[in-house]
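Each chain is listed here by its residues.
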Amino acid sequence: MRAVTIHEFSNPPGPVASEAKPPQPRDGETVIEVIATEIAPLDRQIAMGLLPGAGPLPIQPGATGVGRVRGSARFERGQLVYIGGGPFGLGNSRPGMAAEQVSVPHEAAVPIPEEVDPMLAAAGVSGGISARQSLFDYGRLQPDGTVLVLGATGSVGRAACQIAAAFGATVLAAARDTSALDDLDAVPVSLENLTGEVMAATGGKGAQVIIDPLGGPYLNAAILCGAPKARHLLIGYSAGRNADFTIPLTMIRQHRLMGFHAYQAPPGRYQEVIAEVLDDIAVGTLKPIVRVTVALEEMAAGYAAVGGRGRVLVLP
């Protein structure tokens, strides 16, 4: 079979497609014929060696994706499943889904409803997982609450906006190009004048929940947008790994800045969230975008295309 391997951390990543041995499943594992795996920003961080604890090399990338069961003691042969492999080390400490076949723990596989397009599942579920957990499990968003979503043109940001709006919350969607937010049920705000526009839109009250995949220079501005006791979920650092912020105001407002990692969900919760997101896609609450598709041999170009509106999918 064909598989992709990363032999060294580099920027840009330099994955190599070659012949590989078919997976040898152990007890408790399911063999999957891969239909599609996504390249998310986190996957790119791993390939560049920027994620603490990434590796060891060589790495067969691909933490998530969709496929059909080839052999399993738990699932029927041919069943369509979503693979949420991040908590189990797929694409990092064990072979990921950038291959024609892969063996995964039973617990990494969640059945995909018949009404869900597998390509949309591959493109949308991982962003939906981060969105749902950060909004509800950690952000404790209420139906009458106000949420500020930074990076709202990205897959996680768009998912957070769509899911929060369907829940009944008031959504403030922040992006550099606000014209890209026209299809969202949200109040658009510019990242360049973030604090001023958010405070104007909320009558000076600020947002009760902040979803922040950007970090970097936008962190302090986002803190200034928070209502008293706002819950601020730092879920990424695409704008920068380091930031300065105003400590006194953070203290006075009791601003709750929390690091978030989707893979740290309690046992069983990760699979529950995947099922919830698949339902979001089925009913049209979540509308994922497939922006680019590449073959295994073109995966380097896929890494280069990561970012912006829509997901990059690798199709073995």
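In what follows, the accompanying structure is described. Every value quoted in this text rests on a predicted model; they were computed, and no experiment measured them.

Reading the values: the criteria
- Residues numbered from 1 in each chain as written.
- Predicted model: local features only at pLDDT ≥ 70, side-chain atom pairs only at ≥ 80, totals over all residues.
- Heavy atoms only, no water.
- Core = buried A, V, L, I, M, F, W, Y, C linked by side-chain atoms within 4.5 Å.
- Buried < 20%, exposed > 50% of the residue type's maximum accessible area, 1.4 Å probe, protein only.
- Helix = DSSP H or I, 4+ residues; strand = E, 2+ residues; numbered from the N terminus.
- Polar contact = N/O pair within 3.5 Å; in protein donor to acceptor, adjacent residues only side chain to side chain.
- Contact = heavy atoms within 4.5 Å.
- Expected span 1.5 Å × (residues − 1).
- Phe/Tyr/Trp six-rings, centres within 6.5 Å; stacked < 30°, edge-to-face > 60°.
- 1 Å grid on protein atoms, 1.4 Å probe; cavity = no way out; pocket = protein on both sides within 12 Å on 5 of 7 lines; lining within 4 Å.
- Points joined across faces, edges and corners; volume = space filled by probe spheres on them.
- Nonpolar A, V, L, I, M, F, W, Y, C, P; charged D, E, K, R; others polar.
- Pairing = 2+ DSSP bridges.
- Axes fitted to C-alpha atoms, helices over the stretch in contact; angles between N-to-C directions.
- Parallel < 35°, antiparallel > 145°, perpendicular 65-115°, else oblique.
- Left-handed = near helix turned anticlockwise from the far one by under 90°.

## Description of the nonpolar core
- Val-125, Leu-135 and Val-147 are the most contacted members of the largest nonpolar core, which totals 47 residues.
- At 8 residues, helix H2 (residues 118-138) tops the list of elements feeding residues into this core.

## Thoughts on the side chain of Asp-212
- Its location among the elements puts Asp-212 in strand E11 (residues 207-212).
- Of the polar contacts made by the side chain of Asp-212, one reaches the backbone nitrogen of Leu-214; its length is 2.9 Å.
- In contact with Asp-212, other than residues within four places in its own chain, are Leu-150, Leu-219, Ala-222, His-232, Leu-233, Leu-234, Ile-235 and Gly-236.

## What to know about helix H3 (residues 155-167)
- End to end, H3 covers 18 Å across 13 residues, agreeing with the expected 18 Å (1.5 Å per residue, within 8%).
- Among the 13 residues that make up H3, 11 are buried, leaving the element largely enclosed by the rest of the structure.
- Every buried residue of H3 is accounted for by Ser-155, Val-156, Gly-157, Arg-158, Ala-159, Ala-160, Cys-161, Gln-162, Ile-163, Ala-164 and Ala-165.
- Contacts made by the buried residues of H3 are with H2, strand E8 (146-149), strand E9 (170-175), helix H7 (269-283) and strand E15 (311-314).
- Downstream of H3 by a residue or two, Gly-168 has a phi angle that is positive, lying close to 110°.

## Regarding the packing of aromatic side chains
- A complete count under the given rule lists 3 aromatic pairs for this structure.
- Ring geometry for Tyr-138 against Phe-260: centres 5.4 Å apart, planes inclined by 75°, an arrangement best described as edge-to-face. With Tyr-138 in helix H2 and Phe-260 in the loop between strand E13 (256-259) and H7, this pair connects stretches of sequence that are 122 residues apart.
- Between Tyr-263 and Tyr-270 the ring centres are 6.1 Å apart and the planes differ by 80°, which places this aromatic pair in the edge-to-face class.
- On the accessibility criterion, Tyr-263 (24% relative accessible area) is partly exposed.
- By relative accessible area, Tyr-270 is classed as buried at 6%.

## What about empty space enclosed by the protein?
- Inspection of every chain in the model, using the stated rule, returns 1 cavity of 30 Å³ or more.
- When its volume is computed, the largest cavity comes out at roughly 100 Å³.
- Ser-155, Arg-158, Lys-287, Pro-288 and Ile-289 are, among the 14 residues lining the largest cavity, the residues nearest its centre.
- Mapped by element, the contributors of at least two residues to the lining of the largest cavity are H2 and H3.
- Taken together, the residues that form the lining of the largest cavity break down as 5 nonpolar, 6 polar and 3 charged.

## Let's talk about the layout of surface pockets
- Estimates place the volume of the largest pocket at around 1,200 Å³.
- Around the largest pocket, the lining comprises 46 residues; the ones closest to its centre are Pro-41, Leu-42, Pro-213, Ile-235 and Gly-236.
- Secondary structure elements with two or more residues in the lining of the largest pocket: strand E3 (29-39), helix H1 (41-48), H2, H3, E9 and E15.
- With 5 residues, the top contributor of residues to the lining of the largest pocket is H1.
- Volume-wise, the second largest pocket comes out at about 240 Å³.
- Forming the boundary of the second largest pocket are 14 residues, of which Pro-23, Gln-24, Gln-60, Pro-95 and Ser-103 lie nearest the centre.
- Per-element tally for the lining of the second largest pocket: the top contributor is strand E6 (residues 101-105), with 3 residues.
- When its residues are assigned to classes, the lining of the second largest pocket shows 6 nonpolar, 4 polar and 4 charged.

## With respect to the sheet that holds strand E10 (residues 187-190)
- The strand order across the open sheet built from 6 strands is E10-E9-E8-E11-E12-E13, with neighbouring strands paired in parallel fashion. One side of each edge strand has no neighbouring strand; the edge strands of this open sheet are E10 and E13. Neighbouring strand axes in the sheet, compared pairwise and without regard to direction, differ in orientation by 20° on average.
- Strand direction decides the pairing type here: E11 and strand E12 (residues 226-234), joined by 5 bridges, are parallel. Across the sheet, residue Ile-211 finds its bridge partner in E12, namely Leu-233.
- Where H2 meets the sheet, it contacts E8, E11, E12 and E13, and its direction lies at approximately 145° from that of E12.

## Regarding the packing of H2 against H3
- Between H2 and H3, whose axes approach to 8 Å, the crossing angle comes to 50°. In this view, H2 runs oblique relative to H3, as classed from their interaxial angle. Of the two elements, H2 crosses H3, and the hand of that crossing is right-handed. Side by side, H2 and H3 meet where Gly-127, Gly-128, Ser-130, Ala-131, Arg-132, Leu-135 and Phe-136 of the first sit next to Val-156, Ala-159, Ala-160, Ile-163, Ala-164 and Phe-167 of the second.
- In terms of residue class, the contact of H2 with H3 is made up of 9 nonpolar, 3 polar and 1 charged.

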